Amino acid sequence: MTDTDFDQQHIWHPYSSMPSALPAYPVKSASGVMLTLDDGRELVDGMASWWCAIHGYNVPQLNEAIENQLENMAHVMFGGLTHEPAVELAKKLVSITPEKLQSVFFADSGSVAVEIALKLALQYWHAKGDTQRQKFLALKGGYHGDTFAAMSVCDPVSGMHAMFNEVLPVHYFADAPSGQHNAQYTDADLNSFKQQIEQHHRKLAAVILEPIVQGAGGMRFYAPQFLQDVRALCDKHGVLLITDEIATGFGRTGKLFACEQANITPDIMCVGKALTGGYISLAATLMSNEIAGTISGGEPGLFMHGPTFMANPLACAVANASIELLLNSPWQQRVSNIETQLLRELKPARDLKQVKDVRVLGAIGVIETHQAVDQTAMCQAFVDAGVWVRPFSNLVYIMPSYIIEPDELTKLTSAMLHVVSRA
Ligand SMILES: *Cc1c(COP(=O)(O)O)cnc(C)c1O
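Cut-off values and rules
- Residues numbered from 1 in each chain as written.
- Predicted model: local features only at pLDDT ≥ 70, side-chain atom pairs only at ≥ 80, totals over all residues.
- Heavy atoms only, no water.
- 1 Å grid on protein atoms, 1.4 Å probe; cavity = no way out; pocket = protein on both sides within 12 Å on 5 of 7 lines; lining within 4 Å.
- Points joined across faces, edges and corners; volume = space filled by probe spheres on them.
- Helix = DSSP H or I, 4+ residues; strand = E, 2+ residues; numbered from the N terminus.
- Nonpolar A, V, L, I, M, F, W, Y, C, P; charged D, E, K, R; others polar.
- Domains from an automatic or database assignment.
- Axes fitted to C-alpha atoms, helices over the stretch in contact; angles between N-to-C directions.
- Left-handed = near helix turned anticlockwise from the far one by under 90°.
- Contact = heavy atoms within 4.5 Å.
- Buried < 20%, exposed > 50% of the residue type's maximum accessible area, 1.4 Å probe, protein only.
- Polar contact = N/O pair within 3.5 Å; in protein donor to acceptor, adjacent residues only side chain to side chain.

Details of the layout of surface pockets
Unfilled space is identified by rolling a water-sized probe across the atoms. The calculated volume of the largest pocket comes to roughly 1400 Å³. Along the wall of the largest pocket there are 47 residues; nearest its centre are Tyr15, Trp50, Tyr143, Asp146 and Ala216. For the lining of the largest pocket, the secondary-structure elements that each account for two or more residues are α2 (48-51), α5 (110-127) and β16 (395-398). In the lining of the largest pocket, the residues fall into 22 nonpolar, 17 polar and eight charged. When residues are assigned to domains, the lining of the largest pocket turns out to be shared by domain 1 (3-58 + 330-421) and domain 2 (73-327), each giving three or more. Volume-wise, the second largest pocket comes out at about 1000 Å³.

Here it is, written out as structure tokens:
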């Protein structure tokens, strides 16, 4: 049995079946924006490993950071102990996120960071003695992870709430705004959210949403004005606001964090994905002193969470190096150049009969087709064209590393046009 056969027969992949219908492509190595397959083929990577590898692969500064940390210690428990990589990273996160966010809870994945955010909100109200506030208000089309509490605030249809209705807590959902830009944004876009929060605010612990970009739930962008209106309504009704920046964080939309597009500050914020430049799983939940202080001053006086691998030193060290590399790079110019090129080169897709919409924001380019695409056939066609693009549902999209060169990006966009035109 070859390794590929074994993989297909015994190893689960994300959202797959067992045995898997088709083999996965074996990757031998990755460097810069290129993936090298076992058979020697080289692919320009359009996915940045799901938003993560913002500096590309095999980055000397990141390799060095992790190697240096390895010589000191790979891991140590975080209960009762601390270490320089974690302190340094917390300092950085506190300084680059909105000022009100002053304390950091480290977690091992984005979904867990979301669990923590939801739990913080519940414990905050518990500490204040308000036992009514046990529900969350989220947006339709949202995605916040695959664990149960995270799943309960994902879009109810794509999050398959019906299948899990015996175990999933039931929360409230508002329509996401329909327009992409402030110019297209009207009062009608706020109606559903306004109605939900007005009706349910006494039961709401928090609102949770992805700022500006709804990622895995549909790759949709919405107007910063909506976020401002949401913040104002949360304030008016005394509801906490959690922003999930796991996909949008670290420059992807053209601002370091997407909430800066609307100049708003959440009460709780989740980061993950690009935090370590795509090296190791690490996420964090940041919160205001009001949240941290209220929880700590109430009953039981502790926040009831503590992952085994909390603040893993290797992960923190590489996250520090990644943030430094980002901030010392011309990332704004790079993301803006990618945006300009994507706008220009994806525009012709609008004329294809298969295409419903083309949208670009920062280093994110999306072609939405009328019908769901054949993911496997399309991946194969992209590999044949020398690129790595993995569509889902009716979305053919890329979010490349910021270091991608114009000719490499052109290879991705022309493959997208070519493959979609033949679908
Ligand atoms: C990917 C993602 C998550 C989940 O992160 P994992 O590390 O996969 O658990 C949560 N929220 C958003 C917005 C994401 O894009």
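Some details on the packing of helix α11 (residues 331-346) against helix α13 (residues 406-421)
Running from N to C, α11 and α13 point in directions that differ by 35°, and their axes come no closer than 10 Å. In terms of crossing hand, the pair formed by α11 and α13 is right-handed. Facing α11, whose interface residues are Ile338, Gln341, Leu342, Glu345 and Leu346, α13 presents Pro406, Leu409, Thr410, Thr413, Met416 and Leu417. Classifying every residue of the contact of α11 with α13 by side-chain character gives seven nonpolar, three polar and one charged.

Topic: the side chain of Ser322
Relative to the elements of secondary structure, Ser322 occurs in helix α10 (residues 313-327). Ser322 gets classed as buried once you look at its relative accessible area, which sits at 2%. Here the side chain of Ser322 touches Gly277 through a polar contact of 3.4 Å, landing on its backbone nitrogen. Apart from the residues lying within four places of it in its own chain, the contact partners of Ser322 are Ile54, His55, Leu62, Ala274, Leu275, Thr276 and Gly277.

A look at the environment of Val94
Along the chain, Val94 turns up in helix α4 (residues 84-96). For the pair Val94 and Phe382, spaced 288 residues apart in the sequence, the C-alpha separation amounts to 40 Å. Residues contacting Val94, with those up to four places away along its chain left out, are Leu101, Gln102, Val104 and Leu286.

The values reported here are purely geometric and, on their own, carry no functional implication.
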